[in-house]
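As a plain string of letters, each chain reads:
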Amino acid sequence: MLQFQSKEEYQKYYYKRDLRKTANGLGIMLLIFFALEIIISGILAIIIYSAGAYSLSNVSSVLELLENGVISCTLFFLVALIYVLIKKRSFATLFPFDKIGGKKLFMLCTIGLAVSLMSNLAPELLSDVFGLFGLSNSGGEFDFSGTLPNVLMYYLTVAIMPALTEEFAFRGVILGSLRKYSDGLAVVVSAGLFALMHGNFVQIPFTFCCGLMFGFLVVKTNSLLPSIIVHFLNNGLSVTFDILYQYEIMSAEMVNFCFAVIFVITGALALIFIHKFVKEDESFFKLERADDVIPYNQKLKTVCSSPTLISFAVLMLLYSVYVLMLPYLM
């Protein structure tokens, strides 16, 4: 039987136990998603191979998008939803949509998009670094072969569905489950898991920075709407420029120029809006703690020592190595 010297010691023990239980539950959810995705990917690989063997026009490409986008996003959404139902969590708490004024929403989304666009520099830098060692880790490019259905599928799977399902899971289920312990903890952990989930060394720094920004927007507004909008805009811009380039409507130089113009304009507006927010509230960009039962570093240590989250992190890092080496294993 456990013996406690004081009420404070008792509270700290059960607080850590509750936090560890929450972290393990989230880890189990992510592991189940990863396992199911691998199984379904294997089944679809057989289907894609069979379709290719019969030379069915573009079937392989469509199935590739289905596997990478529609099925993956839908599966993630369902696993997260089942987790919420099993844990009997409050939907209003996990998926807040407090009212935000149009002006404030525009300003926050502009700041979020500017940070996301700036984060795009990280994948380019990492790609160059990998290139020095003769490695290529582009994260997978899709050739939609000039067909309208594939273009629409590309938008659906890269711009629309991730903005909804990933925000539902990471800024809703994961961040929402951890906010009662600390807003800062919730933002950092959800961003880290969001980055690892992409399973690609080039994308990890980019998605981590985006995850921090998305989480910040949710915490400061108590609404998923800003993060969903910024997530969609960031992915949508990439898809649009990719389509314009592959259709030869724009050259690579023109794409880079347009991206630079958008980046400069968005960045300039973001600086103006940041100054305005700070002027009105100096603590606007500070995250409040939910409680002080134990220090923040102990909370983070408790979460990071979760066996299921460690297992998920190891699996995703190994998968990232596999993705990096895949071109040389074919």
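Just above sits the structure.
Residues numbered from 1 in each chain as written. Predicted model: local features only at pLDDT ≥ 70, side-chain atom pairs only at ≥ 80, totals over all residues. Heavy atoms only, no water.

J.: Would you explain the overall build of the chain in this entry?
T.: If you tally the helices and strands in the chain, you get 12 helices and zero strands. Within the chain, the fraction of its 330 residues that count as buried is 42%. Nonlocal contacts in the chain, meaning residues at least 24 apart in sequence, comprise 80% of its contacts between residues at least 6 apart. Of the roughly 17,500 Å² that the chain leaves accessible, carbon and sulfur atoms contribute 67%. (Helix = DSSP H or I, 4+ residues; strand = E, 2+ residues; numbered from the N terminus. Buried < 20%, exposed > 50% of the residue type's maximum accessible area, 1.4 Å probe, protein only. Contact = heavy atoms within 4.5 Å. Areas by Shrake-Rupley, 256 points an atom, 1.4 Å probe, with all protein chains shown as cover.)

J.: Can you walk me through the packing of helix H6 (residues 148-178) against helix H8 (residues 203-221) in this structure?
T.: Relative orientation and spacing of two packed helices are given, respectively, by the angle between their axes and the distance between those axes. Where H6 meets H8, the closest approach of the two axes is 11 Å, and the angle between their N-to-C directions is 60 degrees. With respect to each other, H6 and H8 are oriented oblique. At the point where H6 passes H8, the crossing takes the right-handed sense. Between H6, through Glu167, Arg171 and Leu175, and H8, the contact on the second element is made entirely by Gly211, Phe214, Gly215, Val218 and Val219. Along the lines of polarity and charge, the residues of the contact of H6 with H8 split into four nonpolar, two polar and two charged. (Axes fitted to C-alpha atoms, helices over the stretch in contact; angles between N-to-C directions. Parallel < 35°, antiparallel > 145°, perpendicular 65-115°, else oblique. Left-handed = near helix turned anticlockwise from the far one by under 90°. Nonpolar A, V, L, I, M, F, W, Y, C, P; charged D, E, K, R; others polar.)

J.: I keep staring at the packing of aromatic side chains and nothing clicks. Help me out?
T.: To describe a pair of aromatic rings, you give the distance between the ring centres and the angle between the ring planes. For the structure on display, the rule yields 17 aromatic pairs. Between phenylalanine 106 and phenylalanine 273, the ring centres sit 5.9 Å apart and the planes meet at 70 degrees, which makes this aromatic pair edge-to-face. Of the two residues, phenylalanine 106 sits in helix H4 (residues 102-119) while phenylalanine 273 sits in helix H10 (residues 252-280), which places them 167 residues apart along the sequence. The exposure class assigned to phenylalanine 106 is partly exposed, which follows from its relative accessible area of 49%. Plain terms: the ring middles of phenylalanine 284 and phenylalanine 285 are 5.0 Å apart, the flat faces sit at 85 degrees to each other, and that makes the pair edge-to-face. (Phe/Tyr/Trp six-rings, centres within 6.5 Å; stacked < 30°, edge-to-face > 60°.)

J.: Sorry, what's going on with a nonpolar patch on the surface here?
T.: Where nonpolar side chains cluster on the molecular surface, the patch consists of Phe106, Met254, Phe257, Val261, Ile265, Leu269 and Ile272 and spans about 640 Å² of accessible area. When residues of the nonpolar patch are assigned to their parent elements, the largest contribution, six residues, is made by H10. Note that leucine 269 resides in helix H10. Residue leucine 269 is classed as partly exposed on the basis of its relative accessible area of 30%. (Patch = residues over 30% accessible without salt bridge, like charges linked within 9 Å, V, L, I, M, F, W, Y side chains within 5 Å. Salt bridge = Lys/Arg side-chain N within 4 Å of Asp/Glu carboxyl O.)

J.: Before we go on, may I ask you to explain the pattern of salt bridges in this structure?
T.: Within the structure shown, the criterion is met by five salt bridges. Measuring nitrogen to oxygen at the nearest pair gives 3.2 Å for the salt bridge that ties lysine 276 to glutamate 280. Of the two residues, lysine 276 and glutamate 280 both sit in helix H10, four residues apart, roughly one turn of that helix. Among the residues examined, glutamate 280 registers a relative accessible area of 58% and is labelled exposed.

J.: What should I look at first to understand H6 in this one?
T.: An α-helical turn contains 3.6 residues, so any two residues separated by three or four positions project in the same direction. Taking 1.5 Å of rise per residue, 31 residues should cover 45 Å, and H6 covers 42 Å from first to last C-alpha, within 8% of that figure. For H6, the principal kink sits at methionine 161 and spans about 50 degrees; a proline, proline 162, occurs within the next four residues. Of all 31 residues that make up H6, 23 are buried, and the element is covered over most of its length. (Expected span 1.5 Å × (residues − 1). Bend = angle between axes of the 7 residues up to and from the residue.)

J.: Any chance you could explain the layout of surface pockets here in plain terms?
T.: Any empty space left between the atoms is revealed when a probe the size of a water molecule rolls over them. In this structure, the second largest pocket spans a volume of roughly 200 Å³. For the second largest pocket, the full set of lining residues is Val188, Val189, Gly192, Leu193, Leu196, Phe208, Leu300, Val303, Cys304, Leu309, Ile310 and Ala313. Contributing elements (two or more residues each) for the lining of the second largest pocket: helix H7 (183-197), helix H11 (296-304) and helix H12 (307-329). Broken down by element, the residue count for the lining of the second largest pocket peaks at five residues, all from H7. Taken together, the residues that form the lining of the second largest pocket break down as 11 nonpolar, one polar and no charged. (1 Å grid on protein atoms, 1.4 Å probe; cavity = no way out; pocket = protein on both sides within 12 Å on 5 of 7 lines; lining within 4 Å. Points joined across faces, edges and corners; volume = space filled by probe spheres on them.)

J.: When you look at the state of the cysteines in this model, what are you seeing that I'm missing?
T.: As used in these notes, a disulfide is a covalent bond between sulfur atoms, one from each of two cysteines. Inspection of the entire model under this criterion finds zero disulfides. Looking at the unpaired cysteine 209, the closest cysteine sulfur is the one in cysteine 210, lying at 7.0 Å. Its relative accessible area of 33% is what places cysteine 209 among the partly exposed residues. (Disulfide = S-S within 2.5 Å.)

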